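Each chain is listed here by its residues.
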Amino acid sequence: DAKTTQPTSMDCAEGRAANLPCNHSTISGNEYVYWYRQIHSQGPQYIIHGLKNNETNEMASLIITEDRKSSTLILPHATLRDTAVYYCIVRVVDNTDKLIFGTGTRLQVFP
Amino acid sequence: NAGVTQTPKFQVLKTGQSMTLQCAQDMNHEYMSWYRQDPGMGLRLIHYSVGAGITDQGEVPNGYNVSRSTTEDFPLRLLSAAPSQTSVYFCASSYLQGGYEQYFGPGTRLTVT
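Computed from a predicted structure; not experimentally measured.

Participant: Before we go on, may I ask you to explain the overall build of chain A in this structure?
Facilitator: Along its length, chain A carries 0 helices and 9 strands. Counting helices and strands in the order they occur from the N terminus, chain A gives β-β-β-β-β-β-β-β-β. The C-alpha radius of gyration computed for chain A amounts to 13 Å, which stays within 12% of the reference 13 Å derived for 111 residues, consistent with globular compactness. Overall size of chain A, expressed as C-alpha extent along the three principal axes, is 40 × 30 × 25 Å. Sorting the 111 residues of chain A into buried and exposed places 42% on the buried side.

Here is the structure:
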């Protein structure tokens, strides 16, 4: 699976959009981009995933560049409850379903 | 649905002791896995299973055993606990293939003295 690079930490004002970048310059054509988050010390929570098209769900939007070498997770209206560590993971969708976590981005949402 | 459950929530062991961390899911997921998370680090995959009777090693399997006799349960055994195994352990499950999301349990915080 390809490696990812994320900033160590970011801040965001409550109510503003939080844009979390992820670099995955060695991504292969059959690898998907997944985002999970971990609030405090809870188990990670799935947010969204995509292959090459932009994706949106009730939690967030995922923007993947045309060359697929980077992506951005967008939380459109951040709340204090979005304070968490966000993990960008690149993986092949195969019959092993393994996720390889990096160290993620610690997002702090402030009032 | 209870989702993914883990027991115990907390455990303290002495070096050399053995124990089993329990993990169960009620979503009929084929895939189950165990991760450990050390302070300030991301999760690391210990072992995983793609179905009953099938297990395989992840990134950091040494010192741990697993078995999968049923679809619902995936226990993790520490054979002879060491201080280096002090960590938070998470179990996860998902449907196989199709890139489905993984559901994580609440974790077990283990301290080995």
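That covers the picture; the talk isn't over yet.
Participant: Honestly, the side chain of Gln85 of chain B in this entry has me stumped. Any pointers?
Facilitator: Turning to its location among the elements, Gln85 of chain B is positioned in the loop between β8 (76-78) and β9 (87-94). Residues in contact with Gln85 of chain B, not counting those within four places in the same chain, are Arg36, Asn62, Gly63, Tyr64, Leu78, Ser80, Leu110 and Val112 of chain B.

Participant: For this particular structure, what's the right way to read the packing of aromatic side chains?
Facilitator: Each aromatic ring pair is specified by the distance between its two centres and by the angle formed by the two planes. For the coordinates displayed, the defined rule picks out 10 aromatic pairs over all chains. A ring pair is formed by Tyr34 of chain A and Tyr46 of chain A, whose centres lie 6.5 Å apart and whose planes are at 65°; its orientation type is edge-to-face. With Tyr34 of chain A in strand β3 (residues 31-38) and Tyr46 of chain A in strand β4 (residues 45-50), the pair connects residues that are 12 residues apart, well separated along the chain. Owing to a relative accessible area of 0%, Tyr34 of chain A belongs among the buried residues under this scheme. Aromatic pair Tyr36 of chain A and Tyr46 of chain A: ring centres 5.7 Å apart, planes at 75°, arrangement edge-to-face. With Tyr36 of chain A in strand β3 and Tyr46 of chain A in strand β4, the pair connects residues that are 10 residues apart, well separated along the chain. Note on Tyr36 of chain A: relative accessible area 0%, which makes it buried. Taken together, the ring pairs connect Tyr34, Tyr36, Tyr46, Tyr87 and Phe101 of chain A together with Tyr35 and Phe104 of chain B into an aromatic cluster. The ring of Phe74 of chain B carries the charged tip of Arg68 of chain B above its face, separated from the ring centre by 6.0 Å.

Participant: I would appreciate a short explanation of unusual backbone geometry in the present structure.
Facilitator: Outside of glycine, negative phi angles account for most residues, and trans bonds account for most peptide bonds. In the segment running from Thr7 of chain B into Pro8 of chain B, the intervening peptide bond is cis, with an omega of -5°. Locating Pro8 of chain B in the fold gives a position in the loop between β1 (4-7) and β2 (10-13). The backbone of His40 of chain A shows a phi angle near 50°, a positive value even though the residue is not glycine. Among the structural elements, His40 of chain A can be located in the loop between β3 and β4. In this structure, Arg68 of chain A is a non-glycine residue whose phi angle is positive, near 65°. For Arg68 of chain A, the location among the structural elements is in the loop between β6 (61-64) and β7 (70-75). Its relative accessible area of 9% is what places Arg68 of chain A among the buried residues.

About the criteria used
- Residues numbered from 1 in each chain as written.
- Chains lettered and ligands numbered in written order.
- Predicted model: local features only at pLDDT ≥ 70, side-chain atom pairs only at ≥ 80, totals over all residues.
- Heavy atoms only, no water.
- Helix = DSSP H or I, 4+ residues; strand = E, 2+ residues; numbered from the N terminus.
- Rg over C-alpha atoms; globule rule 2.2 N^0.38 Å.
- Buried < 20%, exposed > 50% of the residue type's maximum accessible area, 1.4 Å probe, protein only.
- Contact = heavy atoms within 4.5 Å.
- Phe/Tyr/Trp six-rings, centres within 6.5 Å; stacked < 30°, edge-to-face > 60°.
- Lys NZ or Arg CZ within 6 Å of the ring centre and 35° of its normal.

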